[in-house]
Amino acid sequence: MGSEATKLLEAALKLPPEARAAMAGSLLDSLDTTVDADAETDWEQEIACRLKDLDSSHPHLVSWNDARRKILGL
């Protein structure tokens, strides 16, 4: 990291946590240059499907503990 970047980092680290988080988010967003044109539509469809399942008479819900165990293979 160059001296200018080091100075910026030192200044950023003096900011309040909320400002640092916002800055980190902006920096991460700047790295994501690939835009998935279908992502928003896909998420809307997924959300609609999940809401439909929840509104049905027999939704299949899993607690976070059970989901975590399954994810981690415990």
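Details of the structure are given in the entry above.
Attention in this report is confined to the structure presented alongside it. (Residues numbered from 1 in each chain as written. Predicted model: local features only at pLDDT ≥ 70, side-chain atom pairs only at ≥ 80, totals over all residues. Heavy atoms only, no water.)

**Quick look at the overall build of the protein chain**
- Scanning the protein chain from terminus to terminus reveals four helices and zero strands.
- Counting from the amino terminus, helix and strand elements in the protein chain follow one another as α-α-α-α.
- Whereas a compact globule of 74 residues would reach a radius of gyration of roughly 11 Å, the protein chain reaches 21 Å, over 25% beyond that.
- Projected onto its principal axes, the C-alpha positions of the protein chain cover 60 × 35 × 25 Å.
- Scored against the burial criterion, the 74 residues of the protein chain give a buried share of 1%.
- Carbon and sulfur atoms provide 59% of the accessible area of the protein chain, an area that totals close to 7100 Å².
- Between the mean site of the 8 positive side-chain charges and the mean site of the 14 negative ones, the protein chain shows a separation of 12 Å. (Helix = DSSP H or I, 4+ residues; strand = E, 2+ residues; numbered from the N terminus. Rg over C-alpha atoms; globule rule 2.2 N^0.38 Å. Buried < 20%, exposed > 50% of the residue type's maximum accessible area, 1.4 Å probe, protein only. Areas by Shrake-Rupley, 256 points an atom, 1.4 Å probe, with all protein chains shown as cover. Lys, Arg positive; Asp, Glu negative; His and termini not counted. Charge placed at Lys NZ, Arg CZ, Asp CG, Glu CD.)

**A short note on a nonpolar patch on the surface**
- The grouping of Trp43, Ile47, Leu51, Leu54 and Leu61 at the surface amounts to a nonpolar patch, some 560 Å² of accessible area in total.
- Looking at where leucine 51 falls in the secondary structure, it is placed in helix α3 (residues 39-55). (Patch = residues over 30% accessible without salt bridge, like charges linked within 9 Å, V, L, I, M, F, W, Y side chains within 5 Å. Salt bridge = Lys/Arg side-chain N within 4 Å of Asp/Glu carboxyl O.)

**Side note on the pattern of salt bridges**
- Applying the stated criterion to the full structure yields two salt bridges.
- As a salt-bridge pair, glutamate 46 and arginine 50 come within 2.7 Å of each other at their nearest N and O atoms. Taken together, the residues span about one helical turn, with glutamate 46 and arginine 50 both in helix α3 at a distance of four residues.
- On the accessibility criterion, glutamate 46 (32% relative accessible area) is partly exposed.

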